[in-house]
Amino acid sequence: MIPGSAATQHYHFAVPYLDIAIAKQRLRLVHGSEVLAEYPVSTAKNGPGEKKGSYCTPTGWHKIRAKIGAGLPINSVLAGRRPTGEIYTPELAAQHPQRDWILSRILWLGGLEPGKNRYGDVDTTWRYIYIHGTPDELTQGKPESHGCIRMLNADLINLFEQIAVGCRVWIHE
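Residues numbered from 1 in each chain as written. Predicted model: local features only at pLDDT ≥ 70, side-chain atom pairs only at ≥ 80, totals over all residues. Heavy atoms only, no water.

Draft legend 1. The pattern of salt bridges, seen in detail. Summed over the entire model, instances satisfying the criterion amount to 6 salt bridges. Of the charged contacts, one joins aspartate 121 and lysine 51 as a salt bridge, the two residues approaching to 2.7 Å between their closest N and O atoms. Of this pair, aspartate 121 sits in the loop between strand E7 (103-111) and strand E8 (130-133) while lysine 51 sits in the loop between strand E3 (34-42) and strand E4 (60-68); the two residues are 70 residues apart in sequence, bridging distant segments of the chain. On the basis of relative accessibility, which here comes to 37%, the residue aspartate 121 falls in the partly exposed class. Residues aspartate 100 and arginine 150 are paired through a salt bridge, measuring 2.9 Å at the closest nitrogen-oxygen approach. With aspartate 100 in the loop between helix H1 (90-95) and E7 and arginine 150 in strand E9 (residues 149-151), this pair connects stretches of sequence that are 50 residues apart. Aspartate 100 gets classed as partly exposed once you look at its relative accessible area, which sits at 36%. The class for arginine 150 is buried, based on a relative accessible area of 6%. (Salt bridge = Lys/Arg side-chain N within 4 Å of Asp/Glu carboxyl O. Helix = DSSP H or I, 4+ residues; strand = E, 2+ residues; numbered from the N terminus. Buried < 20%, exposed > 50% of the residue type's maximum accessible area, 1.4 Å probe, protein only.)

Read these as spatial facts, not as claims about activity.
Printed below as a string of structure tokens:
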């Protein structure tokens with residue numbers, strides 16, 4: 001099967017993969033035909049799209065290119081893919097109202113479809129698209145992000161421990 005082909009939408013992989021449904025604001029960890037876990041997410045406020053600067057969530061086949069934050073305390077603040085040493089609190093949020101909070105862990109995505117989500121001005125990696133934690137009150141099961149896939153922190157930590165770098169990710173409407 002070629003990643004991104006219509007046939008792969010129902011193909012049963014021999015290894016776990018992530019299925020992210022934008023319309024349902026849901027991420028599923030799937031192995032074969034079995035759903036191992038399901039989590040609410042928040043994708044882009046601007047909807048699906050691949051173009052750099054669009055603030056949209058890219059669609060198609062991706063992989064986890066890096067896992068960042070292993071062992072950090074829940075609600076650890078990350079900036080530039082590095083821990084700042086801060087722990088998110090409502091008081092910290094009040095001090096920095098314009099921050100786009102990236103908390104607990106990062107699963108950095110890389111596109112697998114040249115011309116769609118890889119290379120040039122549609123490259124998911126260089127758009128810095130992640131699956132990441134955010135203040136739990138900002139993950140309300142509706143599109144609110146700037147392109148990333150936001151998760152509840154405890155859910156993200158649970159997912160982080162279950163998948164490996166290279167895990168395939170199918171993002172679709």
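Further notes follow.
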